[in-house]
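Fold and contact review
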Amino acid sequence: MHEPEPHTVRLAQAGDLAAFEVLVRTCQADAWRYAYHLTRDRTTAEDVTQEAFVRAFRSLKTFRGQSKFASWLMRIVHNCAVDAQLRIRRDRVLAERAASGIREERAVAPATEDRVRLQEAVDRLPTKLREPFVLIEVLGYDYREAAAVLGVPVGTLKSRMHRARASLMGFLGTEEAADEV
Amino acid sequence: MRCEQAQRLLSEAMDEPAAAAPVQAEAHAGACPRCAAFVQGARRIRRSVRFELAPAVPDLAPAIMERIAAGQADTGGLRSPAARLPAWVRRGAGSYSGRRAVAAGLAAGLVAGFVVTGGGLVGTRKNGTAALAAEIPQKLVRAAEAISGYRATFRILERNWAPSVPRRTFVARVAFRAPEGFRVEVSDTTTYPPGPWTHNDASLVTNGRSWRAAGPEPCPAGVPPPCPGSARVEQVVTGRPPFDQSSPMPTDVIVPMTVLAAADRVRVLGPDRVGSRPAVAVQMAYQDATPLFAYLTFLGSWRPLYPQDRVVVWLDRETWFPLRYEVFPAAGTERARWARQAGLPRESPDRPVFEAVARFVSTSVPSRRAFAVPRAGGVGVSTLDEGFEDLPVYVLETEGSPPRPPRPAWTAGLRLVRFGLLPATESRPYRESMQGYADGVAWLTVTQVTGWNERRAFGVGPFAQRVALPQGTQALYEPATSTDARRIALHTGRAEYLVAGNLPLADLARVAGSLPVHAVAEPQRWRVHRWSGGVVEDGLTVRQAVRRARFPVLLPDRLPTGYRAAAAETVRTPDVEGLTVVFRRPGAELDGVGLRLYQAAGQSLPPPSSADERLVGVRGATGRWSPQEHQLEWVEAGVYRSLAGPSFDLGGMLRVAGSLLPAGGAG
């Protein structure tokens with residue numbers, strides 16, 4: 001997780017837009033990765049990330065420093081991703097594309113077989129399990145930070161992480177997972 | 001302990017390294033193959049995820065900041081900056097005492113990008129600051145060379161375009177990718193009243209080799225807006241030579257290399273701020289700032305501005321990017337008279353009539369695709385193939401036959417980016433080879449011309465100034481104009497050479513002097529042009545021209561700041577003997593003229609040519625002032641005299657006229 005300097009956050013809150021751009025550059029990679037894993041589409045992830053930062057800019061003064069800035073931002077990314085998915089569901093054409101498994105990025109990414117399988121397994125996780133998995137395993141959040149982003153108790157999060165891991169191993173095949181180490 | 005409970009505890013322990021798994025869970029995993037497999041599988045997933053689930057992340061910062069900037073522009077509008085201006089800026093040049101120094105530490109470093117908030121001008125005039133106006137040109141060059149890419153959004157407000165449209169607003173998005181990628185999209189966001197108004201939406205794009213401009217035709221001269229019937233036009237140029245000035249790339253909006261090339265015309269007002277950015281405020285006359293507007297005025301209709309209107313530019317103290325610039329009407333009756341004739345209302349010198357504010361600036365490099373020039377086609381498209389044939393630059397860098405055109409030994413650090421040929425044609429029976437060098441927005445070209453068959457120097461006019469290059473080589477120099485770059489012409493026994501670019505004169509001269517050629521003065525016959533009615537001799541120094549005159553010649557004892565004699569010309573016919581001296585400022589003379597003093601024996605005051613000409617007192621005689629021509633004429637001691645200069649108003653011209661002394665007595 002990339003957390004900007006508190007001083008930079010304060011400057012941005014005071015209206016220093018150069019400082020806000022520093023926040024963008026510090027957090028955009030994590031924000032996009034999270035959006036990408038939530039939406040499973042590069043283009044949608046870009047839109048979500050942009051929208052999240054614009055919303056963050058508008059409500060920057062409401063950030064009181066009670067959590068990390070990155071956690072606060074990821075909450076916004078999460079909300080934007082949910083909004084984007086709702087919009088996509090309403091769009092029948094896009095829904096059909098999603099149903100047929102068209103994912104433009106897969107065709108162009110130089111992916112290994114393992115990577116593809118792992119990505120597909122993560123994608124198959126239900127949203128409630130995928131969200132904490134991405135925050136904790138991919139972005140390196142701890143339970144408290146991830147719980148703040150997702151708005152759930154830490155205990156619930158721990159349970160979901162366990163279920164996510166178990167599900168992934170089920171998708172990938174326990175034997176294969178086990179005989180590697 | 002059950003497997004599920006043990007696995008959950010082991011999972012938690014993975015995510016909280018500080019908290020070890022309970023002993024019972026570890027013990028269970030040690031004895032249970034299923035739970036041991038869970039631990040191993042979870043670790044493998046972690047390793048795989050952290051190393052493999054990391055797709056390439058796009059850089060979204062420019063787009064995000066642009067959206068924020070656009071949002072601010074859309075919702076905030078332009079604040080009235082005049083009220084925020086410090087009084088010493090509002091009052092203008094007349095109240096300013098002396099050249100002011102600017103803040104120290106003007107670093108040429110670039111930032112990745114920033115958004116400029118609206119307004120926010122803080123009058124922080126300080127004394128005792130260090131950097132002088134004279135340093136500006138070199139600082140600009142250093143900044144210009146550092147730019148690989150640039151993107152900016154400007155919000156523009158124009159007042160009094162038409163009586164029923166007193167306020168127009170625009171958004172201009174500018175992108176640049178070194179060396180020759182330039183794009184500007186101008187969107188007219190004005191709400192027009194009902195009527196046949198033409199929206200001023202225009203675009204210009206070039207990738208260096210091709211160029212395209214599209215937008216509405218300007219209103220014809222003398223036709224007030226809305227000038228119905230002004231059609232949209234599209235101009236396309238292909239086969240474009242490097243940095244071709246006839247299909248321009250108006251990069252002064254990025255770094256004002258032309259505008260601020262010479263310190264003599266810029267008044268540094270002092271340090272200031274634009275939004276959160278430290279800035280330096282400078283002031284100049286509109287006539288010297290026109291390249292700052294070229295990214296807008298390439299097509300479409302815009303309100304007229306008076307040559308002596310004041311332009312205040314706030315330059316970013318780190319990057320030298322213009323963050324904001326405003327045009328304030330000049331004071332005085334001449335300007336008021338001009339405004340009435342142009343159909344403009346009374347305009348206060350304290351209220352800007354034009355404002356441009358950068359809402360977002362970034363040095364991120366735009367994609368090459370942003371500068372793709374669409375194929376020309378359709379009705380109303382004018383196309384021109386300039387015929388330049390690009391060759392690989394290694395051709396120039398490889399020794400061997402056929403012989404390569406000479407390369408300058410010193411290029412001011414600029415690198416060779418293009419090389420090619422303009423073959424001879426029927427209308428251009430000579431051959432040009434061109435080398436284009438660039439770094440950032442700084443550029444220069446070196447042209448070799450063979451087969452030149454005209455009796456004049458290539459690339460410069462009859463009033464080019466004779467200069468000695470650092471190595472003692474003789475050459476002819478012309479300052480930049482609104483349509484041509486600064487340029488130095490060299491004549492050799494075998495070919496003509498032209499070194500042109502937006503570098504300061506000193507750098508261009510050093511480049512030209514480093515060419516491995518032996519330049520000599522052009523042949524005498526090139527300077528003497530005979531025709532049936534008489535003979536014109538140009539390319540003279542003032543001293544040479546005065547010696548040839550057989551009537552009392554006057555020369556100015558005092559010239560406006562920065563002006564100096566460039567060249568002179570004589571003309572003789574059976575009835576008239578005349579002499580013209582041209583005075584120019586060395587860096588740039590954007591009107592292409594400067595100040596022209598013409599004196600002729602045997603010539604009388606010609607009849608008036610327009611209704612707005614009026615009689616004025618000049619040196620004890622009755623003379624005539626032509627505001628359209630910016631020309632003052634009178635007859636003194638039986639000799640016709642005239643002073644003309646598009647940049648001069650009547651007051652300035654009378655001051656020059658008042659300082660005239662007999663040649664030999666002038667200082």
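Residues numbered from 1 in each chain as written. Chains lettered and ligands numbered in written order. Predicted model: local features only at pLDDT ≥ 70, side-chain atom pairs only at ≥ 80, totals over all residues.

Here's the deal with the overall build of chain B
Short version of the rule: Secondary structure is summarised from DSSP: a helix means a run of H or I of at least four residues, a strand means a run of E of at least two, and numbering begins at the N terminus for each. Counting other C-beta atoms within 10 Å of a residue's C-beta gives its exposure: the residue is buried at 20 or more, exposed at 12 or fewer, and partly exposed in between, where C-beta atoms are placed from the backbone. Two residues qualify as being in contact provided that their C-beta atoms, derived from the backbone, are within 7 Å of each other.
Secondary structure assignment for chain B yields twelve helices and 32 strands. Counting across all 667 residues of chain B, residues that qualify as buried make up 46%. Long-range pairs, those at least 24 residues apart, make up 68% of the contacts in chain B with a sequence separation of at least 6.

Some details on the overall build of chain A
Regarding its fold elements, chain A presents eleven helices and zero strands. Put simply, chain A has 181 residues, and 43% of those count as buried. For chain A, the share of sequence-separated contacts (at least 6 apart) that also reach a separation of at least 24 residues comes to 63%.

Digging into the packing of helix H1 (residues 3-15) of chain B against helix H2 (residues 23-31) of chain B
Residues and elements named next belong to chain B. Counted only if it meets this: As a rule, the C-alpha atoms of each element are fitted with a line to give its axis, helices using only the stretch in contact, and angles between N-to-C directions run from 0 to 180 degrees. An angle below 35 degrees is read as roughly parallel, one above 145 as roughly antiparallel, one from 65 to 115 as roughly perpendicular, and any other as oblique. Two helices that cross are described as forming a left-handed crossing if the nearer one is turned anticlockwise from the farther one by less than a right angle, and a right-handed crossing if clockwise. Only Asp, Glu, Lys and Arg are considered charged, only Ala, Val, Leu, Ile, Met, Phe, Trp, Tyr, Cys and Pro nonpolar, and every remaining residue, Gly among them, polar.
In contact at an axis separation of 9 Å, H1 and H2 are set at 115° when each is read in the N-to-C sense. The orientation of H1 relative to H2 falls into the category roughly perpendicular. The two elements H1 and H2 meet at a crossing, and its hand is left-handed. Of the residues in H2, those touching H1 at Ala 6, Leu 9 and Leu 10 are Ala 25, His 28 and Ala 29. Residue classes in the contact of H1 with H2 are distributed as five nonpolar, one polar and no charged.

Structural notes on the sheet that holds strand E16 (residues 431-439) of chain B
Residues and elements named next belong to chain B. Convention followed: Pairing between two strands requires that DSSP report at least two bridges joining them.
Read from one edge of the open sheet, eight strands run E14-E15-E16-E17-E21-E20-E19-E18, paired in antiparallel fashion. Strand pairing shows two members of the sheet lacking a second neighbour, strand E14 (389-391) and strand E18 (465-468), which therefore form its edges. Strand-to-strand twist in this sheet, taken as the mean axis angle between neighbours without regard to direction, amounts to 25°. Bridge count for E16 against strand E17 (residues 442-450) is nine bridges, and the pairing is antiparallel. Residue pairing in the sheet places Gly 436 in a bridge with Thr 445 of E17. Helix-sheet contacts for helix H10 (residues 505-513) involve E17, E18, strand E19 (474-478), strand E20 (486-491) and strand E21 (496-501), and the interaxial angle to E20 is about 25°.

Things to note about the pairing of strand E7 (residues 232-238) of chain B
Residues and elements named next belong to chain B. Pairing of strand E6 (residues 211-216) with E7, which is carried by six bridges, proceeds in the antiparallel orientation. Within the sheet, the bridge partner assigned to Trp 211 lies in E7 and is Val 237. Alignment of E7 against strand E13 (residues 381-385), held across five bridges, turns out to be parallel. Along E13, the bridge assignment pairs Val 237 with Leu 384.

Some words on the nonpolar core
Note the threshold: By our criterion, buried Ala, Val, Leu, Ile, Met, Phe, Trp, Tyr and Cys residues that link up through C-beta atoms within 7 Å make up a nonpolar core.
In this structure, Ala 35, Leu 73 and Val 77 of chain A together with Val 255, Ala 489, Val 499 and Ala 512 of chain B are the most contacted members of the largest nonpolar core, which totals 204 residues. Here Leu 73 of chain A is in contact with Cys 27, Ala 31, Ala 52 and Ala 56 of chain A, once residues within four sequence places are set aside.

Details of H10 of chain B
Along H10 of chain B, eight of the nine residues are buried, which leaves the element largely enclosed by surrounding structure. Along its buried surface, H10 of chain B packs onto E17, E18, E19, E20 and E21 of chain B.

A short note on the packing of helix H9 (residues 143-150) of chain A against helix H10 (residues 154-172) of chain A
Residues and elements named next belong to chain A. Where H9 contacts H10, the two axes come as close as 9 Å, and the packing angle between them is 100°. For the element pair H9 / H10, the angle class is roughly perpendicular. Residues Tyr 143, Arg 144, Ala 146, Ala 147 and Leu 150 of H9 pack against Val 154, Leu 157 and Lys 158 of H10. Classifying every residue of the contact of H9 with H10 gives six nonpolar, no polar and two charged.

Examining the sheet that holds strand E30 (residues 631-636) of chain B
Residue and element names in this part refer to chain B. Pairing in this open sheet of nine strands is antiparallel, and the strands run E22-E23-E25-E26-E27-E31-E30-E29-E28 from one edge to the other. Two strands bound the open sheet, and with one partner strand each, they are strand E22 (528-531) and strand E28 (614-618). Ignoring strand direction, the axes of neighbouring strands in this sheet form an average angle of 20°. Sheet analysis places strand E23 (residues 534-540) next to strand E25 (residues 564-572), joined by four bridges and oriented antiparallel. Residue Leu 540 lies in a different strand from E25, and its bridge partner there is Ala 568.

Focus on the confidence of the model for chain A
Residue and element names in this part refer to chain A. The cut-off we apply is this: Within a predicted model, pLDDT stands for the predictor's per-residue confidence, ranging from 0 to 100.
Here chain A shows a mean pLDDT of 76. Residues at 70 or above account for 80%. pLDDT under 50 marks residues 92-112. Its contacts with residues more than four places away, or in other chains, come to ten contacts. Segment residues 174-181: pLDDT under 50, and 16 contacts once partners within four positions in sequence are set aside and those in other chains are kept.

What to know about unusual backbone geometry
Residues and elements named next belong to chain B. Look at the link from Ala 178 to Pro 179: it is a cis peptide, with omega at 5°. Mapped onto the elements, Pro 179 comes out in the loop between strand E3 (165-177) and strand E4 (181-188). Phi is positive for Ala 412, close to 60°, though the residue is something other than glycine. Note that Ala 412 resides in the loop between helix H9 (393-397) and strand E15 (415-422). Residue class for Ala 412 comes out buried when judged on the 20 C-beta atoms lying within 10 Å of it.

Some remarks on the environment of Arg 369 of chain B
Residues and elements named next belong to chain B. Note that Arg 369 resides in the loop between strand E12 (354-362) and E13. The exposed category is assigned to Arg 369, around which 7 C-beta atoms lie within 10 Å. It is 9.8 Å that separates the C-alpha atoms of Arg 369 and Gly 181, two residues lying 188 residues apart in sequence.

Describing H9 of chain A
Those residues of H9 of chain A lying buried are Glu 145, Ala 146, Ala 147, Val 149 and Leu 150 of chain A. Where H9 of chain A ends, the next residue or the one after it, Gly 151 of chain A, has phi of about 70°, a positive value.

What to know about the environment of Leu 292 of chain B
Residues and elements named next belong to chain B. Summarising the element assignment, Leu 292 is placed in the loop between strand E9 (277-285) and helix H7 (294-297). Sequence-wise, Leu 292 and Asp 252 are 40 residues apart; in three dimensions their C-alpha atoms are separated by 5.5 Å. If we skip the residues at most four places from it in the chain, Leu 292 touches Asp 252, Val 253, Pro 256, Val 259, Val 313, Pro 322 and Tyr 325.

Observations regarding the pairing of E21 of chain B
Residues and elements named next belong to chain B. Counting buried positions along E21 yields six of six residues, so the element is predominantly enclosed. For E17 and E21, the ladder comprises six bridges, and the chain directions are antiparallel. Bridging from a neighbouring strand, Leu 444 pairs with Gly 501 of E21. Here E20 runs beside E21; their pairing, made up of six bridges, is antiparallel. Bridge pairing in E21 links Ala 489 to Leu 498. Between E20 and E21, which follow one another and run antiparallel, lie four residues.

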